[in-house]
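Listed below, chain by chain, are the residues.
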Amino acid sequence: MRKRQVHLDFHTSPYITDVASQFNAKTFAKMLKEAHVNSVTCFARDHHGYLWYPSKRHPELVHPHAKINDLLIQQIDACHALDIKVPIYTTVQWDEYCEINHPEWLCRDPEGNKINAQPAVKPPHFYYSLCLNSNYRHYFFDHLADLIESVGKERIDGLFLDIFFPVACDCIHCQKEMQRLGFDHTNKDERLQYSLLMLDQFKHEVHEFVEQNIPGTPLFFNGSHIGPEIKRSLKDYDHLEIESLPGGIWGYDNFPLVARYARTLGLNMIGMTGKFHTYWGDMHSFKNPLALQYEVFQMLSFGAGCSIGDQLHPNGALSPATYNLIGSVYKVVEDLEPHLDHMVPQSEIAIITPEHHWDPQVGKFDDSLIGCNRLLDELGYQFDIIDDQSDFSKYQLLVLPDDIVYDPNVHQKLMEYVQNGEKILTSFQAEQVPEMVEDQLTGNETHGYSFWDRDYILPNDQIGKNLPKEEHVMYEQGMRVLPVSSQEILQTREPYFNREGKYFSSHQHAPSTGHPGEPGATRKGNVIYFSHPIFKIYNDYAPQWIKQIVHDAINLLLPNPLIKKPLEYPSLSVQYHKDVVNNRINVHLLDYQIKKNATHLYTIDECIPLHDLLISVKVDSQPINHVKALRSGQELTFNQHDNYIDIELPVLKGYEVISIS
C-alpha cells in the first residue's frame with residue numbers, strides 16, 4: 001500500500017472557460033514526484049457531471065470548455081512514467097448535469113421535493129441526491145463501462161467511487177422496492193434502513209462489474225465515514241480511506257475515533273486530510289504547516305497510509321506552494337517508510353462504540369465515546385474501538401462508555417469474557433440490565449436516576465488516591481445503584497438540594513452536606529462500574545479528577561500497561577507498534593497543540609518542544625540491544641527492568657518514532 005497519496009479534486013463549473021489551458025503533463029508529474037507523492041487520485045467525472053477523458057459513448061459529456069479532452073489519460077501516462085500510481089475518481093450520488101437534465105432520477109421526500117444531502121448549504125449547489133433505483137443506475141454502469149473502454153484497462157490502478165450516503169428516498173422506484181421487501185415507505189426510519197440495504201446491493205453489483213472487466217482492481221466506496229455499518233459490505237472493498245478533515249463535519253476528534261475502529265476490520269487503510277485551511281474547495285488556501293504535519297504523522301501513528309486532498313485549478317496547473325507544503329511533510333514519511341514495514345499497532349484495551357447507525361447529516365459521534373477516546377489517549381493507553389459483535393478475546397480490558405444500549409446477547413458475551421479472566425470498566429447506563437434486578441456483571445441493582453442533578457465524589461486511597469481527600473463535583477446526573485454482590489470503592493456526598501423551585505444557593509450548585517450518598521463506583525471481581533456518565537462529563541468539562549479516577553480504576557484492572565507516560569503531558573499521544581517478524585518495536589510520539597483561535601475551526605500554529613521526556617515501554621523479558629530516535633538519528637540511553645525499559649528523549653518537537661530492537 002502506498003503511503004504518500006494526493007486526492008486531487010477537479011470539480012469544475014461548466015461556466016468556467018479555458019479549462020486545462022495551462023496543463024502540461026510532464027510538469028504535472030514532475031511536481032508530484034518532487035513533492036514525494038507516489039499516488040494521486042485523478043478525476044474521470046466530477047460533481048458538476050462532466051467527463052475528463054475522451055468518452056467513446058458520451059463525447060457530449062466532456063467538459064464543454066476543456067482545451068484537451070484526454071486530461072485524465074495524460075495525467076495517468078505522465079505519472080506512470082515516474083512510478084506514480086493514479087487511482088481514478090468518479091462521483092455516484094451527486095451530479096449536477098443529471099440533476100438538471102434528468103430530474104426524474106432524483107431522490108424525493110414524501111411531498112415530492114428534491115432531497116438536499118447538505119441541507120445547511122443553500123442553492124446553488126450539486127447536493128441533490130440521485131436515486132440509485134431510478135434509471136440513473138443504468139446511466140452509472142454505462143459510465144463505468146465507458147470509462148474502462150475509453151481510458152484503457154492497462155491504465156487503471158484503482159477506482160475511488162464517491163458519495164455513498166443513505167437517503168430516505170420516497171420516490172416511486174423506492175416505494176416499489178420497499179413494498180416488495182416489506183418496508184413501510186411512510187416511515188422515515190424504515191426508508192433509511194432500506195436505503196442502507198440498497199447501497200450494499202449496489203456496491204456488490206459494482207464490485208462484480210469491476211471484477212469481470214478489470215479483475216483485481218483496488219476499489220473503494222466513499223461515504224465520508226467508516227463505522228459498524230460497513231461490515232455488511234466490507235467484502236466489496238479492497239482497502240479503506242478515512243476522509244477526515246479538521247473542518248467541515250469532521251474536526252480533530254473524528255480521525256482517531258474512525259481509525260481506531262477501521263484498523264480492526266482487516267483491510268489496509270489510508271487517512272485523508274486536506275491541504276485546505278478549512279474544507280474541500282477552499283481554493284487558494286494553505287493549511288498551517290504544523291497542522292498538516294500533525295494530521296499526516298497522526299495517520300502513521302495509527303498504522304495508516306496518508307492522503308492529502310487538493311483541488312486542481314481549472315487552468316490545469318498545480319500550485320507550487322501547495323506541493324512545497326505537501327513535499328515538506330511527505331519527505332519525512334518517505335524517510336520513515338522502511339522502518340514502518342510489517343509494523344502493527346498493538347492494543348490492550350478496546351472501547352465498545354455506542355454507534356449502530358450513522359446519520360451523515362448529523363455526522364457526530366456520541367459524546368461519551370469522544371470523551372473516552374480523549375481520556376484514554378491522554379493517559380497513554382493502547383486501545384482500539386470495536387463494536388459489540390467484534391472478538392473481545394483480543395483484549396485484556398473492555399471499556400463500555402456511558403450509553404451502550406442493553407442487549408441480552410451482548411450481556412451474555414460480556415459475562416463469558418469476564419469468566420475467562422478478563423476485565424471490564426463500565427459506567428452510567430452502559431449495558432445496564434432492567435431496573436430492580438441484580439446485574440450479574442456489575443453486582444448492582446439500579447433504581448433509576450440519582451436524586452441529585454449534581455453530587456460529589458469523595459476520593460480515597462484506592463480511587464482518586466492522588467487527589468485531595470475532599471468532595472469533587474460531578475457535573476452531570478448519575479444513577480442510583482445498590483451494591484448486591486459488589487463492593488463500593490468510591491463514595492459520594494449529597495448536596496443540600498437541587499437548584500429548582502425556590503431552592504438555590506449562589507451561582508451554580510449547592511455545596512456538599514457531607515452526608516454519604518449513593519455509590520460513586522463499585523467493584524465485582526474484574527468489573528468496575530462508575531455510576532456517573534464519567535466519559536460524557538470529561539467530554540463536556542474535562543475535569544482533572546475524572547482523569548485521575550479513571551486512571552486509578554484502570555490501574556487496578558490493568559497494572560502493567562504497554563506504555564507508561566507522564567500524566568503532566570496530556571497532549572502527548574503515544575502509540576505502540578510491533579513487528580513480530582523482525583522482533584522490533586516502534587513507539588510513535590506525537591505532541592502538537594490544537595487551539596481554538598478562530599470562530600469556525602480548530603487549528604495548529606505552534607509546536608512547543610518537550611524536554612527530557614521519560615517514558616516506559618513494556619518489552620517483557622526480551623534483551624534490548626539498542627534504542628534509536630528515527631527522525632533525529634540519535635541513539636538513546638535506556639534502563640531495562642521488570643519487563644520495561646525506561647527511555648529518556650532529550651527533546652521532542654512535534655513527532656518522533658523511537659525504534660527498539
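In the block above lies the structure referred to throughout.
Residues numbered from 1 in each chain as written. Predicted model: local features only at pLDDT ≥ 70, side-chain atom pairs only at ≥ 80, totals over all residues. Heavy atoms only, no water.

Chemist: I'd love a proper account of the side chain of S368, names of residues and values included.
Modeler: With respect to the helices and strands, S368 occurs in helix 10 (residues 367-379). For S368, the residues in contact, after removing those within four places along its chain, are P354, P401, D402, D403, F535 and K536. (Helix = DSSP H or I, 4+ residues; strand = E, 2+ residues; numbered from the N terminus. Contact = heavy atoms within 4.5 Å.)

Chemist: With reference to specific residues and values, describe the sheet that holds strand 22 (residues 563-564).
Modeler: Pairing is antiparallel across the open sheet formed by 4 strands, whose spatial order is 22-25-29-28. Sheet topology places strand 22 and strand 28 (638-641) at the edges, where each strand pairs with a single neighbour. (Pairing = 2+ DSSP bridges.)

Chemist: Can you explain the pairing of strand 2 (residues 39-43)? Please cite residues and give values.
Modeler: Along strand 2, 5 of the 5 residues are buried, which leaves the element largely enclosed by surrounding structure. Here strand 2 shows a buried face lined by S39, T41 and F43 and a second buried face lined by V40 and C42. Handedness of the strand 1 (residues 4-9)-helix 1 (residues 25-34)-strand 2 crossover: right-handed. Across 2 bridges, strand 2 lies against strand 3 (residues 88-91) in parallel orientation. Within strand 3, the position partnered with C42 by the bridge is I88. (Buried < 20%, exposed > 50% of the residue type's maximum accessible area, 1.4 Å probe, protein only. Right-handed = clockwise from strand over helix to strand, strands pointing away.)

Chemist: Quick rundown of the packing of aromatic side chains? Include the residues and the values.
Modeler: Pairs of aromatic rings are described using the distance from one ring centre to the other and the angle between the two planes. Tallied over the entire structure, the rule returns 33 aromatic pairs. It is K596 that lies over the ring of Y602; its NZ or CZ is 5.6 Å from the centre. (Phe/Tyr/Trp six-rings, centres within 6.5 Å; stacked < 30°, edge-to-face > 60°. Lys NZ or Arg CZ within 6 Å of the ring centre and 35° of its normal.)

Chemist: Could you give an account of the packing of helix 1 against helix 2 (residues 71-81), with specific residues and numbers?
Modeler: Where helix 1 meets helix 2, the axes come as close as 8 Å, and the angle between the chain directions of the two elements is 50°. When the interaxial angle is binned, helix 1 and helix 2 end up oblique. In this structure, the crossing between helix 1 and helix 2 has a hand that is right-handed. Between helix 1 and helix 2, the contacting residues are A25, K26, F28, A29 and L32 on the first element and Q74, Q75, A78 and C79 on the second. (Axes fitted to C-alpha atoms, helices over the stretch in contact; angles between N-to-C directions. Parallel < 35°, antiparallel > 145°, perpendicular 65-115°, else oblique. Left-handed = near helix turned anticlockwise from the far one by under 90°.)

Chemist: For unusual backbone geometry, give the residues involved together with the corresponding values.
Modeler: The amide bond that connects P123 to the next residue, P124, takes the cis arrangement and shows omega of 5°. Within the element layout of this structure, P124 appears in the loop between helix 3 (96-101) and helix 4 (136-151). Phi is positive for D18, which is not a glycine, with a value near 55°. On the secondary structure map, D18 appears in the loop between strand 1 and helix 1. Notably, H36 is not glycine yet its phi reads approximately 65°, a positive angle. As for its position among the elements, H36 is in the loop between helix 1 and strand 2.

Chemist: An account of empty space enclosed by the protein is requested, with residue identities and associated values reported.
Modeler: Using the criterion set out here, one finds 9 cavities of 30 Å³ or more in the structure. Volume-wise, the largest cavity comes out at about 270 Å³. Forming the walls of the largest cavity are 18 residues, and the residues nearest its centre are F164, K203, G223, H225 and E229. When residues in the lining of the largest cavity are grouped by element, the largest group, 4 residues, is from helix 6 (residues 188-213). Taken together, the residues of the lining of the largest cavity break down into 11 nonpolar, 3 polar and 4 charged. (1 Å grid on protein atoms, 1.4 Å probe; cavity = no way out; pocket = protein on both sides within 12 Å on 5 of 7 lines; lining within 4 Å. Points joined across faces, edges and corners; volume = space filled by probe spheres on them. Nonpolar A, V, L, I, M, F, W, Y, C, P; charged D, E, K, R; others polar.)

Chemist: I'd love a proper account of the layout of surface pockets, names of residues and values included.
Modeler: Counted as a void, the largest pocket has a volume near 1,200 Å³. Taken together, 43 residues make up the lining of the largest pocket; nearest its centre are G251, Y252, D253, R374 and I594. Elements with a minimum of two residues in the lining of the largest pocket: helix 7 (254-262), helix 8 (289-301), helix 10, helix 12 (534-541) and helix 13 (544-557). Among the elements that take part in the lining of the largest pocket, helix 10 stands out by supplying 5 residues, more than any other. When grouped by side-chain class, the residues that make up the lining of the largest pocket number 21 nonpolar, 13 polar and 9 charged.

Chemist: Lay out the pattern of salt bridges in plain terms, naming residues and giving numbers.
Modeler: Following the criterion strictly, the structure yields 27 salt bridges and no others. Note that R57 and E149 form a salt bridge whose closest N and O atoms lie 2.5 Å from each other. In this pair, R57 is assigned in the loop between strand 2 and helix 2 and E149 in helix 4, connecting sequence segments 92 residues apart. The partly exposed category is assigned to R57, whose relative accessible area is 37%. Between K231 and D387 there is a salt bridge; the shortest N-O distance is 2.8 Å. Taken as a pair, K231 in the loop between strand 5 (219-222) and strand 6 (240-243) and D387 in the loop between strand 11 (383-386) and strand 12 (397-400) lie far apart in primary sequence, 156 residues in all. You can call K231 partly exposed: its relative accessible area is 34%. Using a relative accessible area of 5% as the deciding quantity, one classes D387 as buried. (Salt bridge = Lys/Arg side-chain N within 4 Å of Asp/Glu carboxyl O.)

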